[in-house]
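Structural characterization, general
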Amino acid sequence: MSEASPVTGLAPIEDMGGKAQPLLRVDGLTKHFPVRGGLFGARKTVRAVDDVSFNIGKGETVGIVGESGCGKSTTARLLMHLMDRDAGEIIFDGRQVGHEISLRELRRGMQMVFQDSYASLNPRLTIEESIAFGPKVHGMADGAARALARELLGKVGLRPETFANRYPHEISGGQRQRVNIARALALSPRLVILDEAVSALDKSVEAQVLNLLMDLKREFGLTYLFISHDLNVINYISDRVLVMYLGEVVELGPVEQVWAKPAHPYTRALLAAMPSSDPDRRTEVPPLSGDPPNPIDPPAGCRFHTRCPFAEAPCSNVAPRLTELDTMGHQAACHMAIPRSGHSRAPAA
Amino acid sequence: MNDSALQAAPPANARGYWATVGRRIVRDKVSMVCVAILLLIFLSALLAPYLHLADPYQGSMIRRLRHIGTPNYPLGTDELGRDMLARLIYGGRLSLLIGISPVILAFSIGTMLGLIAGYVGGWVNTAIMRTIDVFYAFPSVLLAIAISGALGAGITNSIVSLTIVFVPQITRVAESVTTGVRNRDFVEAARASGANAFTIMRAHMLGNVLGPIFVYATGLISVSMILAAGLSFLGLGTKPPEPEWGLMLNTLRTAIYVNPWVAALPGVMIFAVSICFNLLSDGLRSAMDIRS
Amino acid sequence: MLSYAARRMVYAIPIIIGVALVCFMLVHITPGDPLVAVLPADASQELAQQLRTAYGFDKPLPVQFGLWLWRAVNGDLGSSIATGRPVLAEVLRAVSNTVTLAIAAAIIGFSLGLFFGLVAGYFRDTWIDKIATSIAIAGVSVPHYWLGMVLVIIFSVELNWLPAVGAGPSGSGAWAWDWAHIRFLILPAITTSVIPMGIITRTVRALTGDILSQDFVEALRAKGLRETQVFRHVLKNAAPTALAVMGLQLGYMLGGSILIETVFSWPGSGLLLNSAIFQRDLPLLQGTILVLAMFFVILNLVVDIAQAAIDPRIKRG
């Protein structure tokens, strides 16, 4: 890979507040979709994302994990402002979006890689044109943007001479996802959201792309929000993890803590269902049974109680709040972890 | 990371979408025959003054309604003794103008409306599409004649009325294609890059929606040729003594008992242009279906 | 099902009002004062003013539209300037002749289209398919008014088998289903049928191809079903859609009959429209178009609902 960098990209947006300030602060993020039922049916809502809060520190990789339909991808689109949120605050490096930082500027600071590598590239544009589009939107001249695109192709491990003038359908899925990464990097972002970015790839290609992502993170000083349903991948790449269930965060914390001592029965079930090569990692936790309840009509109380083997009276009445479990930031929303919650397994205060 | 498998790409035949479509259509015999016929009709109409034809306006009472094959009048003469060959070739000028320009106008307006309705969505979509629905609720012949009849005869009025007939049809196609494309991830990615709606429509949407709309418009030319000539046939388009196929059919109608086959000639021209555009539209559609 | 029908009808109301508005505006896009059309050439200033008030032309446009629409709903479409008779009566009398023509054409177009389509779909990519498809493309590409002329040239001028113009031997309007009258119907009906024939051929060909490629047909064949029975099965599955397409085509034929009726001097709504245009009889023009457009809207609605009733998978909207 070329060491010399004759091409200058866009200047990344300025760091505010230093290392201590989270790069992204999300507070009470909520999105409900109205759905129409029947002819004169009452309007119902899907609670896709419900009161989700978390921070992403500078240089960190935060993973979001959960079953499909749990609101992971909606969260990503809300953060990118591709969708209007109903409530909640998104604060980028201490600056409120729309006030202290414009949407346009935010989109240089924050980029996204989508799951479907083919659908996320315009089939009528060459790869070089696709990567160069973003910088041109932000005022870069055509020639400079194309040079940058070729430079970035090299950075993601694709020879520019071979690939620059190709069309998306002419290259493989892994190569396309590298192009999508290059396209995201073209705006010199500080935060990259990877929404199931490796899920559609073959296992061997997936590993290559994950390693590429780790290299790029180091080289460009990036921060990642990594969304996946695959716990192995999350474990491999993340520093911290958020577990989502039906639009809510049920557990979060450093990935080692959560993996070693999962506090929420949902997390435990997910981990139990995880294919592992280690025979010692057998748990006695029963696997998840049944489908997730309909998010149009989420159960009252704890949303997981309909599938939870430990459900008791308080679970179906009171929604548990995220509660600190230790001093390392490990939190869970489960009555079994909340002192004096009324659950028989709740810790004594 | 620089492993050889990664750099392995299919053979270097990098070619744009339209180049591929072009190559496929050139290989389609039926389409190429249609293109040849259309080119012949277009070019002869365009170059008519240089083809040493008889004067299409100069009649003569003594040589009216000569039969096909009469010396010096290979296609006979019309009811006023004017040379049919010259009038058919010159007739292409107005006939093609009034037949094709409504589709070009409607293509521009309809694509724009459909793109806006499909991309912006919401109440803008509702406003545009519900208005379109009203015009769509008329049979096209009836709407064309209603507007032409109200506006009065004339070339401009005929073009205007046919444009109004075709805009809703093209808008509908454009809107549905746009709606399909706008939900694809690359449009989201373009939004995520900070581009505004106008830039996204121009740089990302247009190239993806133009193909199907173009195919549809090509097919519409077939209908438009028939309707435009039909308006002239009814006396709502061109006025005599201009050579125009529909009008010629009308004025020659009185002569069908005298010289029937000469009277039918202008219709052959309309038919030829109409069927060629229809076949070309079919050819384009299958050429654009790249997956096959 | 009922709720679907109800919803479709509710959705049709704004369309109907919009269609009425377009018809209303026709008079107002005509160059010049709409009053000129109804005014005798030597009218006095007072008479002009009187008529202006009588027609409501002195009121603002939305009010005029409201009044006009109210009268139209009550069956009052004004009077023809040329004949002085009520427009609605004139139109309905003419429409009945157009309906006769359209139904005859529909029967021809539907049977031929169904036949060509089934055969083309069944023998897909053979020479039979090519011939049937060519006929279909010719059907939708031919200027039908010219085809009418050609048929007149062949069957009236050259062979002298069938009459060239009119709708009956006596010249009087009364239609009867006897040979003396049907002779007059044959050429215009064939001419009118070519477009629906082409469209139905294409539709049925595609449907047949789809049905034959489905698994259940393979299963039927594997069960030892004879080809004629397979054919019947295809017919049963393709017929509802073909009928729906035909229903819509019936609407196009009713609304678009002006060219063919002009060629054959068929005394229907199209010929009425033609004379309204050239006599600048604006109330008649407006009324005819309104009635024909409403026919079309209602027919569309009926076809939509009927299709949903036949095929429960269709629950659009």
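Residues numbered from 1 in each chain as written. Chains lettered and ligands numbered in written order. Predicted model: local features only at pLDDT ≥ 70, side-chain atom pairs only at ≥ 80, totals over all residues.

Residues and elements named next belong to chain A. Relative to the helices and strands, T126 resides in the loop between β6 (110–113) and α3 (127–137). In sequence terms T126 and H169 are 43 residues apart; their C-alpha atoms lie 9.9 Å from each other. Setting aside residues no more than four positions away along its own chain, T126 makes contact with A164, N165, R166 and Y167. (Helix = DSSP H or I, 4+ residues; strand = E, 2+ residues; numbered from the N terminus. Contact = placed C-beta atoms within 7 Å.)

Taken together, the contact between chain B and chain A spans 24 residues of the former and 31 residues of the latter. Of all the elements in the fold, those that place two or more residues in the side of chain B that touches chain A are α1 (4–7), α8 (185–192) and α9 (197–233) of chain B. Take the side of chain B that touches chain A: its biggest share by element is seven residues, from α8 of chain B. Residues that form the side of chain B that touches chain A fall into these classes: twelve nonpolar, eight polar and four charged. (Nonpolar A, V, L, I, M, F, W, Y, C, P; charged D, E, K, R; others polar.)

Tallying the contact residues gives 34 residues for chain B and 38 residues for chain C. Looking at the side of chain B that touches chain C, the elements that each hand over two or more residues are α5 (122–136), α6 (140–151), α9 and α11 (260–288) of chain B. Element by element, the count of residues in the side of chain B that touches chain C is highest for α11 of chain B, at ten residues. Taken together, the residues that form the side of chain B that touches chain C break down as 24 nonpolar, seven polar and three charged.

Attention now goes to unusual backbone geometry. Between P240 of chain B and P241 of chain B the backbone carries a cis peptide bond, its omega angle lying at 10°. Even without being a glycine, D51 of chain A presents a positive backbone phi close to 55°. Structurally, the position occupied by D51 of chain A is in strand β2 (residues 43–56). You can call D51 of chain A partly exposed: it has 17 C-beta atoms within 10 Å. Even without being a glycine, N160 of chain C presents a positive backbone phi close to 55°. (Buried ≥ 20, exposed ≤ 12 C-beta atoms within 10 Å, placed from the backbone.)

Once that is clear, we can look at the sheet that holds strand β12 (residues 331–332) of chain A. All names here are of chain A. Spatially, β6-β7-β8-β3-β9-β10-β12-β11 is the arrangement adopted by the eight strands of the open sheet, whose pairing is mixed. With partners counted over all chains shown, the strands left at the sheet margins are β6 and β11 (323–324), one partner each. Pairing of β11 with β12, which is carried by two bridges, proceeds in the antiparallel orientation. Bridge pairing links E324 to Q331 in β12. Its contacts with the sheet place helix α1 (residues 72–79) against β3 (61–65), β6, β7 (191–195), β8 (223–228) and β9 (240–245), and it is angled at close to 150° to β7. (Pairing = 2+ DSSP bridges. Axes fitted to C-alpha atoms, helices over the stretch in contact; angles between N-to-C directions.)

It is worth spelling out the confidence of the model for chain C at this point. When pLDDT is averaged along chain C, the result is 85; 92% of the residues meet or exceed 70. Interface confidence for the predicted complex, expressed as ipTM, amounts to 0.88; the pTM equals 0.86. (pLDDT = per-residue confidence, 0-100.)

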